[in-house]
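So the chains spell out like this:
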Amino acid sequence: HPMTDDTLYLDHAATTPVRPEVRDAMEPFLADRFGNPSSSHGPGRAARAALETARERVAAALGAEPDEIVFTGSGTEADNLAVLGHWRARGGGVAVSAIEHSAVRRAAASAAREGAPVATLAVDEAGRLDLDALTETLQGDTRLVSVMAANNEVGTIQPVAEIAAWCREHGATFHTDAVQAVGHVPVSVAGIGCDLLAVSAHKFGGPKGVGALYVRRGTELAPLLHGGGQERGLRAGTSNVAGAVGLATALDAAVAEQAAEARRLRALRDRLESALTGSVEGLVVNGTGAERLPHVLSVAIPDLDSDVLLASMDLAGLAVSSGSACHSGASAPSHVLLAMGVEADAVLRFSLGWPTTEAEIDRAIAVFREVAERARGVQA
Ligand code: PLP
């Protein structure tokens, strides 16, 4: 069914609604300000000015310089450009964590097919990369390490600044997929010390289909797309001006509200977490041993089927996700949960966002209790 006014949408890690101010900011570029920023006439120059202003705002929000920001068609594309683009430019070994999004995993697998030695870095039961494992796994000629800033299924936050320092010491380039972190926890490329960092607008109130890659000056990278030489030759294709403006506007709003929203959503998440823990025996909260995103709650429930639970909750108007949206429909445990050693029949991810209210959390708790009780009754 389409989303109605009383749909309880707790799946903001899958995607967020577009913020009203973002829609307003984008609208002129879908209407009379339609110029191509590569054109040298007036309408083209106006579009170019808007694109470059958007770039400056994104750079400022991430602590980068404008010429270090490459707009892409998605977070997926930013990750592919980082991993494959770096491998093609610089060669050497590639190491990715076991819990990366498929955008990084499959880009690394693609590099492997082109001849790259690819290593997988293990995580502990909270989903946190073990820095000792990094040293043990990475001998020889590792030239790219990719570890996500925050995991999309569980919300685990990685010690990316430490990993970046390790990479610097060992002459490896460090890429971090910050798609789930940006706008939700403080993210600065200087603070992390990364060389590459991927962002996606639709995870923080921006539109789908636009992302960005931070590329530290001097980082070797080969473009994946060849054409008109846009984005300093790193991403050919006529610029998505409205998308870039939307990304910049959403990022500004998310960063401005970040600290207050993190406090507010963490309190709501914790309320949900204790209600769920208290109402279903054997329910386990995933990732509790590590720092987690404030708006994400992943729970493992023994003896109940994920698909049955999700379908019942959907019928009741509660939109949540199994481990990850990318795996919905597949009953097999995700690679993230496998890497963490989570064994459960059902794993649900609740993810809150800027529109989420306390009343919604209370309704979600009631729906969950009813559905879980009924599912147990049916199965018993
Ligand atoms: N990386 C992570 C961690 C994600 O959660 C997602 C979202 O699906 C992506 C990358 C891909 O971003 P996009 O949906 O913009 O392609």
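Undergrad: So what exactly am I meant to see when it comes to a negative patch on the surface here?
TA: A cluster of acidic side chains, namely Asp-124, Glu-125, Asp-130, Asp-132 and Glu-136, defines a negative patch on the protein surface. Along the chain, the position of Glu-136 falls in helix α5 (residues 131-137). A relative accessible area of 58% means that Glu-136 is categorised as exposed.

Undergrad: Honestly, helix α1 (residues 20-30) in this entry has me stumped. Any pointers?
TA: Residue pairs spaced three or four apart in an α-helix point in one direction, given the helix's 3.6 residues per turn. Restricting attention to buried positions, one finds in α1 the residues Val-22, Met-26 and Phe-29. Buried residues in α1, looked at end-on, bunch into an arc of 40 degrees, giving them a common side. Turned more than 90 degrees off the buried face of α1, the exposed positions are Arg-23 and Asp-24. Considering only its buried residues, α1 is in contact with α2 (42-62) and α8 (241-279).

Undergrad: What should I look at first to understand empty space enclosed by the protein in this one?
TA: To find leftover empty space, a probe the size of one water molecule is rolled over the atoms. Counted by the stated rule, this structure contains two cavities of 30 Å³ or more. Approximately 160 Å³ is the volume attributed to the largest cavity. Lining of the largest cavity is provided by 19 residues; of these, Gly-183, His-184, Glu-261, Leu-265 and Trp-354 occupy positions nearest its centre. Looking at the lining of the largest cavity, its residues break down into seven nonpolar, eight polar and four charged.

Undergrad: Please clarify how the site of the ligand should be interpreted in this entry.
TA: Contacts to the ligand come from 13 residues, most closely from Gly-75, Thr-76, Asp-177, Ser-200 and Lys-203. Take Asp-177: an N or O atom from its side chain is 2.6 Å from a nitrogen atom of the ligand. One of the side-chain N or O atoms of Ser-200 is found 2.6 Å from an oxygen atom in the ligand. Protein contacts shield 89% of the accessible area of the ligand, which totals 390 Å² for the unbound molecule. If one sorts the elements of the shell around the ligand by residue count, helix α3 (residues 75-90) sits on top with three residues. Broken down by class, the residue content of the shell around the ligand amounts to two nonpolar, eight polar and three charged.

Reading guide: rules and limits
- Residues numbered from 1 in each chain as written.
- Predicted model: local features only at pLDDT ≥ 70, side-chain atom pairs only at ≥ 80, totals over all residues.
- Heavy atoms only, no water.
- Patch = residues over 30% accessible without salt bridge, like charges linked within 9 Å, V, L, I, M, F, W, Y side chains within 5 Å.
- Areas by Shrake-Rupley, 256 points an atom, 1.4 Å probe, with all protein chains shown as cover.
- Salt bridge = Lys/Arg side-chain N within 4 Å of Asp/Glu carboxyl O.
- Lys, Arg positive; Asp, Glu negative; His and termini not counted.
- Charge placed at Lys NZ, Arg CZ, Asp CG, Glu CD.
- Helix = DSSP H or I, 4+ residues; strand = E, 2+ residues; numbered from the N terminus.
- Buried < 20%, exposed > 50% of the residue type's maximum accessible area, 1.4 Å probe, protein only.
- Arc of directions from axis to C-beta.
- Contact = heavy atoms within 4.5 Å.
- 1 Å grid on protein atoms, 1.4 Å probe; cavity = no way out; pocket = protein on both sides within 12 Å on 5 of 7 lines; lining within 4 Å.
- Points joined across faces, edges and corners; volume = space filled by probe spheres on them.
- Nonpolar A, V, L, I, M, F, W, Y, C, P; charged D, E, K, R; others polar.
- Near = heavy atom within 4 Å.
- Polar contact = N/O pair within 3.5 Å; in protein donor to acceptor, adjacent residues only side chain to side chain.

As far as function goes, none of this settles anything; it's purely spatial.
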